[in-house]
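Each chain, written out:
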Amino acid sequence: MMFASALGVFVAVGLISIVFIFTIIGIASSINSTPDYSPKNNTVYKLTLDGSLSDNTEENPLAMLMGETEKALSLKDILSTIQTAKENKNISGIYIEAKSLNAGSASLEAIRRALTDFKESGKFVIAYSDNYSQGCYYLCSMADKVFLNPQGTLGLIGMASQTMFYKELLKKVGVDMMIFKVGTYKGAVEPFMLDKLSDANREQIQSYMSTIWDNVTSGIAESRNISTEDINNFANQGYAFASAEKAVECKLVDELKYRPEAEEYVKELAGQSDKRLQTADITKIKSIKTINREKADRIAILYAEGEIKPEVSSSPYNVEQTITEKVATELIKLKNDNNIKAVVFRVNSPGGSAFVSEQIWRQVVELKKVKPIVVSMGDVAASGGYYISCAASKIIAEPNTLTGSIGIFGIFPNVTGLFNKLSLTTDIVKTNTYADLGDMSRPMREDEKVLIQSFVERGYETFITRCADGRGMSKEAINEIGQGRVWTGEQAKERRLVDELGGINKAIETAASLADLSDYSLTYVSGTKDFWKEFIEKQLGEVKVSIVKSVLGDEYEYFKNLSNIKTTTGVQARLPYDVKPL
């Protein structure tokens, strides 16, 4: 009876698992087989800015089953659908409903530029929000009309950066962090060794943050026909917390309207006679059938997004996109594909493993020997993100891209004090002098510190050599603008770290020019995670993530960061900040 019961449970679990998997496959199939859509005359493209934005997202059917509320938006899809709407004669305009968009300033600039180009076709762009976030308002400020709910807010408050320091906390629990780094501005290690920002780190944060804010205020001022002083005055006076009428008075908003009134205005502008506003969302616009004749000559767009990590099994609770040596493998495939005449390498990464960065860099060099490769930088392409970019034929960055951060660091914890507090002791038996190097239960010897520091310095020397060779500059020149310092794309161009400012379309045009192509098609390649591969490998890891998210809520981000730290190994070439949305 025991055996029969156990067998019954085993069979039941197996059947349930099979049904569940086939349900997921069915949902995925329905997602991927959206029927072609033909918009009616005077249809309005309703672009809802809500959720988390990344360069190129994978559809996640589990999100639907687990009741995920945060939507995953793709910058690639938004830009392509705006272009489709511009070219389709039945789309009369775009109605933007701004909600809560989690996006970097460089991505916002790319969307804003695409919408401005859309307006040049003679079609309208209208924006509405219950409450404008700073980033969403920057994007929407270019609209023909900007509407705000009469009880809403306009969150123009400026930019700020906060760093948390752990030195004294670690000291209290008996942990001493041994720091090895190269780069005056490499601030990633400061929270473990200081109790406030160093002068150099404060200088670089103020510099790049002020540059981004200047670009934002200049863009708003030009679109709204007001001065940047007016915008800064709005922020400095705290008018973000004033009544909505103040935003109209300051000419940042055209009119106060409730959503139905805004939609009625859009309906009349579009020339629609139906009772309800006829719109098409991003999914429908994506499914509009376009005539795309496959060309013999192709330009490949390879996406690399997320932290750079070794190809190891990571926590099932972290389903963020990562960059592994898979990118190097894809570069080899593209090099050997004779139909691919040029490559656009889209990089959106704060860096990570110096070793993996080197492997990807190598394949960029090898591919460049055969065909042009142009890097398009996203919100951030710094440290290891710059490492894998520096050898490209050309580098294109957004004005607000964060890049540079040419530096390397390593951290080793010494938990002797903690062990003493817990009355723990250890003993070592070894065969050679350095067999126990990295043992956390004892202080590091001076000869060991010398070894590690020289290892890190050798890594930095390799890093600046790669940059110097790729950019056609001397190592001395790279070292002068390196030292771990973060630059915006605009600042980086002045220092020859990037060639031109612009988005991915500019990179495609540059790649076509370098390859001497006038007639070509595009092929998209992902160098990050493939959903189905990860789904099989992690055995429903995303289900666990959804459960953890629902339990932890806002605290999930802290949990995820701790999980990331556990999987971080080796010397790091990483941006010292996690960049939050504008």
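This one's a predicted model, so the numbers in the text were calculated from it and none came from an experiment.

*Asks:* Could you clarify how one ought to interpret helix α13 (residues 326-336) in this entry?
*Replies:* The periodicity of an α-helix, 3.6 residues per turn, causes residues three or four positions apart to be oriented the same way. When we look at burial in α13, the residues that qualify are Val 327, Ala 328, Glu 330, Leu 331, Leu 334 and Lys 335. Seen from one end, α13 has its buried residues packed into an arc of 160 degrees, which puts them on one side. Packed against the buried residues of α13 are β9 (298-305), β11 (322-323), β12 (340-349), α14 (354-368), β14 (373-382) and β20 (521-526).

*Asks:* Where do I start with the environment of Met 193 in this structure?
*Replies:* Tracing the sequence through the fold places Met 193 in helix α7 (residues 190-193). Residue contacts for Met 193: discarding those within four places in its chain leaves Lys 167 and Ile 179.

*Asks:* Please clarify how the packing of aromatic side chains should be interpreted in this entry.
*Replies:* Tallied over the entire structure, the rule returns seven aromatic pairs. Seen in terms of ring centroids, Phe 147 and Tyr 265 are 5.2 Å apart; in terms of plane orientation they differ by 85 degrees. Their pairing is edge-to-face. Residue Phe 147 is found in strand β5 (residues 145-154), and its partner Tyr 265 is found in helix α11 (residues 259-270); the two are separated by 118 residues along the sequence. According to the relative accessible area criterion, Phe 147 is buried, its value standing at 0%. Since its relative accessible area comes to 24%, Tyr 265 is described here as partly exposed. With a centroid separation of 5.5 Å and an interplanar angle of 45 degrees, the aromatic rings of Tyr 166 and Phe 192 are classed as tilted. You can see Tyr 166 sitting in the loop between β5 and α6 (167-173) and its partner Phe 192 sitting in helix α7, a full 26 residues away along the chain. Relative accessible area serves as the criterion here: at 32%, Tyr 166 is assigned to the partly exposed category. With relative accessibility at 25%, the residue Phe 192 sits in the partly exposed group. The positively charged end of Lys 246 is found above the aromatic ring belonging to Tyr 239, 4.6 Å away from the centroid. The residue whose ring lies beneath Arg 485 is Tyr 185, and the NZ or CZ to ring-centre distance is 5.0 Å.

*Asks:* Quick question: what am I supposed to make of a nonpolar patch on the surface here?
*Replies:* Residues Met 164, Tyr 166, Leu 169 and Val 173 make up a contiguous nonpolar surface patch of about 380 Å² in total accessible area. Along the polypeptide, Val 173 turns up in helix α6. Classification of Val 173 as partly exposed rests on a relative accessible area of 35%.

*Asks:* Can you help me understand the pairing of β12 in this one?
*Replies:* Here is the key point about a regular strand: its side chains alternate between the two faces of the sheet. By the criterion of burial, β12 is predominantly enclosed, with nine of the 10 residues buried. The sheet contact formed by β9 and β12 spans eight bridges and is parallel. Across the sheet, Tyr 303 pairs through a bridge with Arg 346, a residue of β12. By the bridge criterion, six bridges tie β12 to β14 in an arrangement that is parallel. Within the sheet, the bridge partner assigned to Val 344 lies in β14 and is Val 374.

*Asks:* Would you mind showing me how to read the side chain of Lys 246 here?
*Replies:* Tracing the backbone shows Lys 246 in helix α10 (residues 244-249). Leave out the neighbours within four places in its chain, and Lys 246 touches Phe 234 and Tyr 239.

*Asks:* I tried to follow unusual backbone geometry on my own but got confused; where do I start?
*Replies:* Peptide bonds are mostly trans, and most non-glycine residues show a negative phi. In this structure, Ser 383 is a non-glycine residue whose phi angle is positive, near 55 degrees. Along the chain, the position of Ser 383 falls in the loop between β14 and α15 (384-387). Overall, Ser 383 belongs to the buried group, its relative accessible area being 0%. Positive phi, normally seen in glycine, also occurs at Asp 516, with a value near 55 degrees. Positionally, Asp 516 belongs in the loop between α20 (504-514) and β20.

*Asks:* What am I meant to see in the pairing of β9 here?
*Replies:* In terms of burial, β9 is a largely internal element, eight of the eight residues being buried. The alternating pattern of β9 places Arg 298, Ala 300, Leu 302 and Ala 304 on one face and Ile 299, Ile 301, Tyr 303 and Glu 305 on the opposite face, and all of these are buried.

*Asks:* Got a minute to help me understand helix α17 (residues 446-471) in this structure?
*Replies:* Taking 1.5 Å of rise per residue, 26 residues should cover 38 Å, and α17 covers 37 Å from first to last C-alpha, within 8% of that figure. Just downstream of α17 lies Gly 472, where phi reads positive at about 65 degrees.

Thresholds applied
Numbers given to residues run from 1 along each chain, matching the order in which its sequence is written. Confidence filtering applies because this is a predicted model: local features only for residues at pLDDT of at least 70, side-chain atom pairs given and counted only at 80 or more, and all residues used for totals across whole chains, interfaces and linings. Hydrogens and water are ignored here; the side-chain numbers use all heavy atoms of the structure. Accessibility here uses a 1.4 Å probe with only protein chains present; expressed as a share of the type maximum, an area under 20% marks a residue as buried, one over 50% as exposed, and anything in between as partly exposed. Helix numbering and strand numbering both begin at the N terminus, where a helix is a DSSP run of H or I of at least 4 residues and a strand a DSSP run of E of at least 2. Working note: the arc is built from the helix axis to C-beta atom directions. Only heavy atoms enter the contact rule, under which two residues are in contact if any of them lie within 4.5 Å. When two rings of Phe, Tyr or Trp (its six-membered ring) have centres within 6.5 Å they constitute a pair, described as stacked for plane angles under 30 degrees, edge-to-face for angles over 60, and tilted for the intermediate range. Distance and angle both matter: a charge sits over a ring if NZ of Lys or CZ of Arg is within 6 Å of the ring centre and within 35 degrees of the ring normal. Patch construction takes residues with relative accessible area above 30% that form no salt bridge. Like charges are linked within 9 Å, and nonpolar side chains (Val, Leu, Ile, Met, Phe, Trp, Tyr) are linked within 5 Å. Values of accessible area rely on a 1.4 Å probe in the Shrake-Rupley scheme; residue burial ignores everything except the protein chains shown. Here, a salt bridge means any side-chain nitrogen of Lys or Arg that lies within 4 Å of a carboxyl oxygen of Asp or Glu. The pairing criterion for strands is at least two bridges between them, as found by DSSP. A helix's residues, less one, multiplied by 1.5 Å, set its expected span.

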